[in-house]
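# Structural characterization, general
These are the residues of each chain, in order.
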Amino acid sequence: MLSTLNQDWKIILQNELDKPYFKDLCNKVKDEYSKHSCYPAIENIFDSLNFCSFSKLKVVIIGQDPYHQPNQANGLSFSITKGVKIPPSLQNIFKELNTDINKPIPESGDLTYLSNQGVLLLNSCLSVRDSSAGSHYNIGWETFTDSIISYISKNKKDVVFLLWGNKSIIKSKLIDSSRHLLLTSGHPSPLSANRGYWFGNKHFSKTNNYLAEKKKGKINW
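Below is a short write-up of the structure. Remember, it's a predicted structure, so these values are computed and weren't measured experimentally. (Residues numbered from 1 in each chain as written. Predicted model: local features only at pLDDT ≥ 70, side-chain atom pairs only at ≥ 80, totals over all residues. Heavy atoms only, no water.)

Spatially, β3-β2-β5-β6 is the arrangement adopted by the four strands of the open sheet, whose pairing is parallel. The sheet is open, and its two edges are formed by β3 (119-123) and β6 (181-185), each paired on a single side. Each strand of the sheet is rotated relative to its neighbour by a mean of 20°, with strand direction disregarded. With five bridges joining them, strand β2 (residues 59-63) and β3 adopt parallel strand pairing. Bridge pairing links I61 to L121 in β3. (Pairing = 2+ DSSP bridges. Helix = DSSP H or I, 4+ residues; strand = E, 2+ residues; numbered from the N terminus. Axes fitted to C-alpha atoms, helices over the stretch in contact; angles between N-to-C directions.)

Okay, here's the thing in structure tokens:
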């Protein structure tokens with residue numbers, strides 16, 4: 001499994017990868033994938049890191065765990081495999097993009113184009129069992145992804161962190177707000193969005209305004 005993580009991030013995270021908990025995590029994940037249908041495909045588990053180099057990283061969007069239905073999850077938070085029906089949370093993200101920056105609603109839910117621009121689409125938990133949301137929580141993923149967030153906070157400057165929903169907002173304790181911009185709102189899921197906690201947050205224009213102020217390239221959302 002670890003062989004699929006690119007060399008740049010391996011070097012950055014080497015201390016974490018050598019810890020006993022991470023080796024135990026890898027064994028648990030391999031066991032799960034051998035006994036059950038799990039997502040994303042095991043070779044895509046680290047794609048959020050593989051598609052967004054540390055040197056180019058400008059924005060971090062923290063999700064929860066991958067989509068748990070067949071052919072959806074592709075290793076990036078909120079993103080789905082090209083050609084698959086766009087789920088409600090991502091539909092609401094696209095609606096907010098449309099009203100915030102007048103971006104046309106995309107036909108594809110594959111967000112790889114954002115990763116390539118320096119947007120780290122990181123789930124708190126990087127795998128899930130078929131039809132069982134949250135099934136791979138508490139096996140070590142959160143410790144690993146928390147270490148990534150902490151490392152970025154300490155070793156980068158002027159990164160925008162987008163924290164959507166309570167499970168993401170709790171990660172704010174890992175981030176130095178004097179060095180970075182933290183934007184929080186409700187989760188884009190219908191339950192939260194329809195209660196007024198998502199729409200109108202203008203996180204996409206706020207992100208680009210901050211990046212422009214810091215003389216970094218804007219994101220082509």
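By size, the foremost hydrophobic cluster in this structure holds 34 residues, and its most contacted members are F46, L120, W141, F144, I148 and I152. Those elements that provide at least two residues to this core are α3 (20-35), β2, β3, α7 (141-155) and β5 (160-164). Excluding anything up to four places from it in sequence, I152 contacts F54, L57, V60, L120, V159, F161 and H180. Among the nonpolar cores identified, the runner-up in size contains 29 residues, and Y67, L111, V119 and W198 belong to it. (Core = buried A, V, L, I, M, F, W, Y, C linked by side-chain atoms within 4.5 Å. Buried < 20%, exposed > 50% of the residue type's maximum accessible area, 1.4 Å probe, protein only. Contact = heavy atoms within 4.5 Å.)

Let us look at the state of the cysteines. Summed over all chains, the structure comprises zero disulfides. With no disulfide partner, C38 has as its closest neighbouring cysteine sulfur the one in C125, 10 Å distant. Under the relative-accessibility criterion, C38 is labelled buried at 9%. C125 sits in the buried class, given a relative accessible area of 0%. (Disulfide = S-S within 2.5 Å.)

Let's shift gears to the packing of α3 against α7. Between two packed helices, the angle of one axis relative to the other and the distance separating the axes together describe the packing. At their nearest, the axes of α3 and α7 sit 9 Å apart, and the two run at 125° to each other. It follows that α3 is oblique to α7 by the angle criterion. Crossing geometry of α3 relative to α7 is assigned as left-handed. In this structure, α3 contributes Y21, F22, L25 and V29 to the contact, and α7 contributes W141, T143 and F144. (Parallel < 35°, antiparallel > 145°, perpendicular 65-115°, else oblique. Left-handed = near helix turned anticlockwise from the far one by under 90°.)

In this section: the pattern of salt bridges. Overall, the coordinates contain six salt bridges when judged by the stated rule. A salt bridge links E16 to K19; its shortest N-O distance comes to 3.1 Å. Here K19 falls in the partly exposed class, since its relative accessible area comes to 37%. A salt bridge links R129 to E32; the shortest N-O distance between them is 2.8 Å. Residue R129 is found in strand β4 (residues 128-129), and its partner E32 is found in helix α3; the two are separated by 97 residues along the sequence. For E32, a relative accessible area of 13% puts it in the buried group. (Salt bridge = Lys/Arg side-chain N within 4 Å of Asp/Glu carboxyl O.)

Moving on, we get to helix α10 (residues 203-213). Within α10 the residues assigned to the buried category are H203, F204, S205, T207, N208, Y210 and L211. Against β2, α5 (88-101), β5 and β6 lie the buried residues of α10. Directly after α10, the chain includes K215, whose backbone phi takes a positive value near 60°.

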